[in-house]
Amino acid sequence: MIARLALVFAGLTLALAASAQDTEPQVEATSAAPRTGPEIFADTCVFCHDARGWGTRSLVQRTPPGQAELLQRQVLPPALVRNAVRRGVGSMPQFTPTEITDEELEVLAVWLDSLN
Ligand code: HEC
C-alpha cells in the first residue's frame, strides 16, 4: 500500500515537473517584441480599411477623392489615429491597450502619418 502511494506521488511529481517545463516557452512567447506599424495595420485595421472595407466605404463620404483608404490619405495626423483607435469613431469600435499597446499605437500612428 505504502509502496503504491509512493509510486502515485512520484508520478504526480513527475507530471508537475513536466507541465512546469511545458509552460515556460509560452511565457516567453507572450513577451514578444512590439509589432511594427505595417504588422498592426495588417492584424487589426486592414480588415475594415482596405479598398473594399467597411471603414473605407464609410470614409468615402467625407474624404477627398481617392483618399478613403487610410493608406492613401494625404493628411492623417497621429492625434486623429490615436483618438479613433482609443475612443472609436462613428461605427468603428475602440481598441483597448490589451489589443494594441500604447507603444504600438504610437508606432502605428507615426507610420500612417509618414506614408503620404
Ligand atoms: C470593424 C471595422 C473597423 C476596424 C477594425 C477599424 N476601423 Fe477605423 N473606421 C471604421 C469605420 C466604419 C470608420 C468611419 C466611422 C464613421 O465616421 O462613421 C473608421 C474611421 C477611422 C478613422 C477616422 C478617419 C477620419 O478621417 O476621421 C481612423 C483614423 C481610423 N478609422 C483608423 C483605424 C485604425 C488605425 C484601425 C486599426 C487599429 C482601424 N481604424 C480599425 C471601421 C473600422
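Located above this text is the structure these notes cover.
**Q** Explanation requested: helix 2 (residues 37-49) in the structure shown.
**A** Residues three or four positions apart in an α-helix share a direction because the helix packs 3.6 residues into each turn. Between its terminal C-alpha atoms helix 2 stretches only 14 Å, short of the 18 Å expected from 13 residues at 1.5 Å a residue. Of all the bends found along helix 2, the most pronounced is centred on Asp43 and spans about 55 degrees. Buried residues along helix 2 sit in contact with helix 3 (54-59) and helix 5 (102-114).

**Q** Please clarify how the site of the ligand should be interpreted in this entry.
**A** With respect to spatial proximity, 22 residues lie near the ligand, and among them Cys45, Cys48, Gly55, Gly90 and Met92 are the closest. Of all the elements in the fold, those that place two or more residues in the shell around the ligand are helix 2, helix 3 and helix 4 (78-87). At 5 residues, the largest contribution of residues to the shell around the ligand is made by helix 2. Per-class residue counts for the shell around the ligand are 16 nonpolar, 6 polar and no charged.

**Q** It is not clear to me how the environment of Val110 should be interpreted in this structure. Could you clarify?
**A** Within the secondary structure, Val110 sits in helix 5. Counting along the chain gives 34 residues from Val110 to Leu76, while the straight-line C-alpha distance between them is 9.4 Å.

**Q** What exactly am I supposed to notice about helix 5 here?
**A** For helix 5, built from 13 residues, the straight-helix expectation of 18 Å at 1.5 Å per residue is met to within 8% by its first-to-last C-alpha distance of 18 Å. Among all positions in helix 5, only Glu104, Leu108, Ala109 and Leu112 are buried. Along helix 5, the residues classed as buried sweep out an arc of 130 degrees about the axis, all on the same side. Residues of helix 5 that are exposed and angled more than 90 degrees away from the buried face: Asp102, Glu103, Val110 and Ser114.

**Q** Hey, could you run me through the environment of Ile100 in this one?
**A** Looking at the element boundaries, Ile100 is found in the loop between helix 4 and helix 5. For Ile100, a count of 21 C-beta atoms within 10 Å puts it in the buried group. Each residue touching Ile100, except ones within four places of it in the same chain, is listed here: Ile40, Thr44, Val85, Phe95 and Leu105.

**Q** I tried to follow the packing of helix 2 against helix 5 on my own but got confused; where do I start?
**A** Axes are the key here: two packed helices are described by the angle between their axes and the distance separating the axes. Two elements in contact, helix 2 and helix 5, have axes separated by 8 Å at closest approach and are oriented at 100 degrees. When the interaxial angle is binned, helix 2 and helix 5 end up roughly perpendicular. Note on element contacts: helix 5 touches helix 2 through Glu104, Val107, Leu108, Trp111 and Leu112, opposite Gly37, Ile40 and Phe41. Residue composition of the contact of helix 2 with helix 5, by class: 6 nonpolar, 1 polar and 1 charged.

**Q** Can you walk me through the packing of helix 4 against helix 5 in this structure?
**A** Contact geometry for helix 4 and helix 5: axes closest at 8 Å, N-to-C directions at 135 degrees. As summarised for this structure, helix 4 and helix 5 are arranged oblique, according to the angle between their axes. By crossing handedness, the relation of helix 4 to helix 5 is classed as right-handed. Mapping the contact onto sequence places Pro78, Val81, Arg82 and Val85 in helix 4 and Leu105, Leu108, Ala109, Val110, Leu112 and Asp113 in helix 5. When grouped by side-chain class, the residues that make up the contact of helix 4 with helix 5 number 8 nonpolar, no polar and 2 charged.

The rules behind each value
Residues numbered from 1 in each chain as written. Predicted model: local features only at pLDDT ≥ 70, side-chain atom pairs only at ≥ 80, totals over all residues. Helix = DSSP H or I, 4+ residues; strand = E, 2+ residues; numbered from the N terminus. Expected span 1.5 Å × (residues − 1). Bend = angle between axes of the 7 residues up to and from the residue. Contact = placed C-beta atoms within 7 Å. Near = placed C-beta within 6 Å. Nonpolar A, V, L, I, M, F, W, Y, C, P; charged D, E, K, R; others polar. Buried ≥ 20, exposed ≤ 12 C-beta atoms within 10 Å, placed from the backbone. Arc of directions from axis to C-beta. Axes fitted to C-alpha atoms, helices over the stretch in contact; angles between N-to-C directions. Parallel < 35°, antiparallel > 145°, perpendicular 65-115°, else oblique. Left-handed = near helix turned anticlockwise from the far one by under 90°.

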